[in-house]
Amino acid sequence: MPAASTTLRMLAVSVIASLTVTGCQTFEDAGVAMGRSELVNDLAARLDRALELTYSADYQLPGGQSAAIVQAQDPARSAYTYPGGRLTVTPEAITRCTTTGARPECTLVDPPTPGSKPTVMLFGEANRQGLATPPVVVGLLTAAALDPQVVIKQSDTTVAGHHAACVEVQGSPSGDFTACVTTEGVLGSFTGPVDGKPMELALSRYTERVDDSAFDVPAGAGVVDRRPGGA
């Protein structure tokens, strides 16, 4: 899925709640169509830029389950914890762990190319276990902005004490969804299908403090190192 452009104009700070914009594009409503694209692309760009932030975010999932996203910079590192597993991306390795057995089992593979962003395919297991990651939501928002058939409704809300702008997307080929993004650029909530699987999550805690141990292999884990020269 294409990455959102970071050169998009920012929307005004004050936004109109529950504004509905249809995708019908004619010369007469060209300005409305442009506003529609900017609305969704702005949220996608916020999420994209958030990859450069340092923060810890906890999420509530259905059934009392939880997930977490932790990011740090210099060097860029990220960890995604979800029911039954964890994905960590560092300059040294991509580490996938399963935590459903008696002890965690982790596999290390080569890290992304320096300076590149993680691809959407990297987050397949997180998606299957209920964590809609920001790169995946960026892709859904970008696709919605490019589709003239979708209907978009905008609203504002507060999630875990943080202001968030939301869009409700109807008529998307991948399914209807609602996404909220905080002013900081953090995913505030998401409801809708990802790869055909219904998904729902909401931010429950956000802090700009990070515990460096979040990027370590879990203590006592069995490790398979598939990097060149790995054990």
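Computed from a predicted model, the values in this text were never measured in an experiment. (Residues numbered from 1 in each chain as written. Predicted model: local features only at pLDDT ≥ 70, side-chain atom pairs only at ≥ 80, totals over all residues. Heavy atoms only, no water.)

A.B. asks: Any chance you could break down the overall build of the protein for me, citing the residues and the numbers?
C.D. replies: Regarding its fold elements, the protein presents 3 helices and 13 strands. In the protein, which comprises 231 residues, the proportion classed as buried is 46%. Within the protein, residue pairs in contact and separated by at least 24 positions form 54% of the contacts whose partners lie at least 6 positions apart. When the accessible surface of the protein is summed, it comes to about 11,500 Å², and 55% of that surface belongs to carbon and sulfur atoms. (Helix = DSSP H or I, 4+ residues; strand = E, 2+ residues; numbered from the N terminus. Buried < 20%, exposed > 50% of the residue type's maximum accessible area, 1.4 Å probe, protein only. Contact = heavy atoms within 4.5 Å. Areas by Shrake-Rupley, 256 points an atom, 1.4 Å probe, with all protein chains shown as cover.)

A.B. asks: Break down the nonpolar core for me, with residues and values.
C.D. replies: Counting 48 residues, the largest nonpolar core has Tyr59, Leu141 and Phe190 as its most contacted members. Ranked by residues supplied to this core, first place goes to helix α3 (residues 134-146) with 7 residues. When residues no more than four places from it in sequence are discounted, the contact partners of Tyr59 are Gln65, Ser66, Ala67, Ile69, Val186, Leu187, Gly188, Leu201, Ala202, Leu203 and Ser204. Grouped together as the second largest cluster of nonpolar side chains are 5 residues, Val70, Ala79, Ala214 and Phe215 included. (Core = buried A, V, L, I, M, F, W, Y, C linked by side-chain atoms within 4.5 Å.)

A.B. asks: Can you tell me about the environment of Thr142, naming the residues and giving the values?
C.D. replies: Mapped onto the secondary structure, Thr142 falls in helix α3. From its side chain, Thr142 meets the backbone oxygen of Val138 in a polar contact 2.8 Å long. (Polar contact = N/O pair within 3.5 Å; in protein donor to acceptor, adjacent residues only side chain to side chain.)

A.B. asks: Explain α3 to me, using residue names and the numbers behind them.
C.D. replies: The terminal C-alpha atoms of α3 lie 18 Å apart, and with 13 residues this matches the ideal 18 Å at 1.5 Å per residue to within 8%. Of all 13 residues that make up α3, 11 are buried, and the element is covered over most of its length. (Expected span 1.5 Å × (residues − 1).)

A.B. asks: Run through the pairing of strand β8 (residues 151-159), naming residues and quoting values.
C.D. replies: Pairing of β8 with strand β9 (residues 162-170), which is carried by 9 bridges, proceeds in the antiparallel orientation. For Lys153, the partnering residue across the bridge sits in β9 and is Glu168. Between the antiparallel neighbours β8 and β9 lie 2 residues, among them Ala160 with a positive phi of about 50°. (Pairing = 2+ DSSP bridges.)

A.B. asks: Describe in detail the confidence of the model for the protein, supporting the description with residues and values.
C.D. replies: When pLDDT is averaged along the protein, the result is 82; 81% of the residues meet or exceed 70. Segment residues 1-34: pLDDT under 50, and 49 contacts once partners within four positions in sequence are set aside and those in other chains are kept. (pLDDT = per-residue confidence, 0-100.)

A.B. asks: Which residues make up the pattern of salt bridges, and what values do they have?
C.D. replies: Side chains that carry opposite charge are capable of pairing whenever their charged atoms lie near each other. The tally for this structure, following the rule as stated, stands at 6 salt bridges. With its nearest N and O atoms 3.2 Å apart, the salt bridge here joins Asp42 to Arg46. Of the two residues, Asp42 and Arg46 both sit in helix α1 (residues 30-49), 4 residues apart, roughly one turn of that helix. The burial state of Asp42 is the same as that of Arg46; both residues are buried. The salt bridge involving Arg77 is made with Asp212; its shortest N-O contact spans 3.7 Å. Taken together, the residues span a long stretch of sequence, with Arg77 in strand β4 (residues 77-82) and Asp212 in the loop between β12 (197-207) and β13 (222-225) at a distance of 135 residues. (Salt bridge = Lys/Arg side-chain N within 4 Å of Asp/Glu carboxyl O.)

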